[in-house]
Amino acid sequence: AAFASTCALVGGGLIYARGVADTVGPGATRLLLLAPALCVNVAAPLLVLDPDAEPLFTAIAIANFAWWTNFKLIALAAGRGQLTQPALSPPTFLALAALPVKFADERDERVPRLGDSDRTAFVEKKTKTKRARRADPHTARDACVGFACKLALLSWCVSFALPALESASHHEDGGTNQTERRLNTYLYAKNATYAVALYACLGALFDLGAVVAAVAFGATLARHFDLPFLATSFGDFWGARWNLVAGASLRDAVYAPIKEGRFFRVRKKTAEVLDAKTIKSRRVVGVFACFAVSGAMHEFVLWALVGRSSESQSNAIGWEWFAFFLSQAPLVSLEYAARKKKTAREKKNPRGAVYFVARRAAQNGAFLVAQLALANALFFPPVARSALDARIVADVRRVLGVQTP
């Protein structure tokens, strides 16, 4: 009932936001008039939901409404993002703004246009490029299958994997060194399982939203996750595989204004022509800003979940989440520079398919180890200190109807 009340309050604010968008053009006036809706999206989940009784739904509501929906509205105020599409009907506008979904963009111009015969052979051989595959729409059938698979994966994590790890960690050993090694192994395995469970939980939520948007409004949706555990680099993970809904909101509300040098969008005919050095520097600043804002929003979600008393904050809020996300920015920037040099070398000295597959496997393994090490150092400690992990797992079991072991 509390979650439904929150959705109703947010829905009312979005109806108001649609009215503002229809009557006022992009600019400071539109942003000022959208401020009440932005405030409702933040206040509703904070005031209506109880993070102690329902931590899962509280986390979902705060992340979705206070972050993703609000960033879509901020981009709308600036004349950017998918909410600016003139063909959106009021119900479709509400679905795109309120649900954790992203509409499918038109196929990238760099993807080759194939004739009918060539396209048939292209599909039959299953040799679509990665860019073409990601441009394929995420249909209602895809979302239903994805929802079922991710729900099964989430159930396995909370019903079998985590209890088995907990049980194994309590076995008696003969020495202190062995006990310490066992606990370290348990910590890494538990956190890796948490990462898989987080993917399954978010993916199931996004798939459910995609089903609603596709069936009720006939929307053509884009992928929200793309096999994130097959990422070969930090840039590949954040830019093309993990939570593409949040990535799109950050791109429209944070990255694009920095890259263009202005918050409110202008017509392309009047846009300034920039030199390569300025474009490069703005891209770097935009990447750092996106990760900094993402870290700040994650800290806000954590603050809302662990309680707002000074004692609770001292136990959990250490700005590790902010540091974790900010640490990704230099890694992504360095990877981008190295990749450009590597691509130039590979064009001169092409390698075979075996080398390509072996290299991707090695890159994937190296990335997963590095990312998990960063997460163990910065992302998971505040979760453990506040016992948020135990609360979320217990609430997931309650929602799924899984008996607590």
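The structure contained in this document is the topic of the report that follows. (Residues numbered from 1 in each chain as written. Predicted model: local features only at pLDDT ≥ 70, side-chain atom pairs only at ≥ 80, totals over all residues. Heavy atoms only, no water.)

1. Considerations on the overall build of the protein chain
Step number 1: A count of helices and strands for the protein chain gives 15 helices and 0 strands.
Step number 2: Taken across its 405 residues, the protein chain has 40% of its residues classed as buried.
Step number 3: Within the protein chain, residue pairs in contact and separated by at least 24 positions form 75% of the contacts whose partners lie at least 6 positions apart.
Step number 4: Working note: accessible area of the protein chain is about 21300 Å², and carbon and sulfur atoms make up 64% of it. (Helix = DSSP H or I, 4+ residues; strand = E, 2+ residues; numbered from the N terminus. Buried < 20%, exposed > 50% of the residue type's maximum accessible area, 1.4 Å probe, protein only. Contact = heavy atoms within 4.5 Å. Areas by Shrake-Rupley, 256 points an atom, 1.4 Å probe, with all protein chains shown as cover.)

2. Things to note about the packing of helix H3 (residues 55–78) against helix H11 (residues 276–306)
Step number 1: Running from amino to carboxyl end, H3 crosses H11 at an angle of 145°, the nearest separation of the two axes being 10 Å. Classified by chirality, the crossing of H11 by H3 is right-handed. Listed contacts from H11 to Pro55, Thr58, Ala59, Ile62, Ala63, Ala66, Trp67 and Phe71 of H3 are Val293, Ser294, Met297, His298, Phe300, Val301, Ala304 and Leu305.
Step number 2: Here the contact of H3 with H11 is built from residues that sort into 13 nonpolar, 3 polar and no charged. (Axes fitted to C-alpha atoms, helices over the stretch in contact; angles between N-to-C directions. Left-handed = near helix turned anticlockwise from the far one by under 90°. Nonpolar A, V, L, I, M, F, W, Y, C, P; charged D, E, K, R; others polar.)

3. Regarding the pattern of salt bridges
When the charged atoms of two side chains lie near each other, side chains of opposite charge can form a pair.
Step number 1: Applying the stated criterion across every chain yields a total of 8 salt bridges.
Step number 2: One salt bridge in this structure joins Asp52 and Arg391, with 3.7 Å as the shortest N-O distance. In this pair, Asp52 is assigned in the loop between helix H2 (28–48) and H3 and Arg391 in helix H15 (residues 388–400), connecting sequence segments 339 residues apart.
Step number 3: The exposed category is assigned to Asp52, whose relative accessible area is 59%.
Step number 4: For Arg391, a relative accessible area of 22% gives the class partly exposed. (Salt bridge = Lys/Arg side-chain N within 4 Å of Asp/Glu carboxyl O.)

4. Points about the environment of Ile15
Step number 1: Here Ile15 shows up in helix H1 (residues 2–23).
Step number 2: A C-alpha to C-alpha distance of 9.3 Å links Ile15 and Pro91, two positions 76 residues apart in sequence.

5. Looking at the packing of H1 against H2
Step number 1: Running from amino to carboxyl end, H1 crosses H2 at an angle of 180°, the nearest separation of the two axes being 9 Å. As the angle between them shows, H1 and H2 are arranged roughly antiparallel. The segment H1 lies against H2, with Ala2, Ser5, Thr6, Leu9, Val10, Gly13, Tyr16, Ala17, Val20 and Ala21 engaging Arg30, Leu33, Leu34, Pro36, Ala37, Val40, Asn41, Ala44, Pro45 and Val48.
Step number 2: Here the contact of H1 with H2 is built from residues that sort into 15 nonpolar, 4 polar and 1 charged. (Parallel < 35°, antiparallel > 145°, perpendicular 65-115°, else oblique.)

6. As for the packing of aromatic side chains
Step number 1: Enumeration over the complete set of coordinates arrives at 24 aromatic pairs.
Step number 2: A ring pair is formed by Phe237 and Phe367, whose centres lie 5.3 Å apart and whose planes are at 45°; its orientation type is tilted. Here the residue Phe237 occupies a position in helix H9 (residues 234–240), and Phe367 occupies one in helix H14 (residues 353–385), the gap between them amounting to 130 residues. Phe367 matches Phe237 in its accessibility class, with the two residues each being buried. (Phe/Tyr/Trp six-rings, centres within 6.5 Å; stacked < 30°, edge-to-face > 60°.)

7. Some words on H15
Step number 1: Spanning 13 residues, H15 covers 18 Å between terminal C-alpha atoms, matching the ideal 18 Å at 1.5 Å per step.
Step number 2: For H15, the complete set of buried residues consists of Leu388, Asp389, Val393, Asp395, Val396 and Arg397.
Step number 3: Positive phi shows up at Gly401, right after H15, with a value of about 75°. (Expected span 1.5 Å × (residues − 1).)

8. Section: unusual backbone geometry
Step number 1: For Asn243, which is not a glycine, the phi torsion comes out positive at approximately 40°.
Step number 2: Checked against the element boundaries, Asn243 lands in the loop between H9 and helix H10 (244–260).
Step number 3: Of note, the phi angle at Ala387 is positive, near 60°, even though the residue is not glycine.
Step number 4: On the secondary structure map, Ala387 appears in the loop between H14 and H15.

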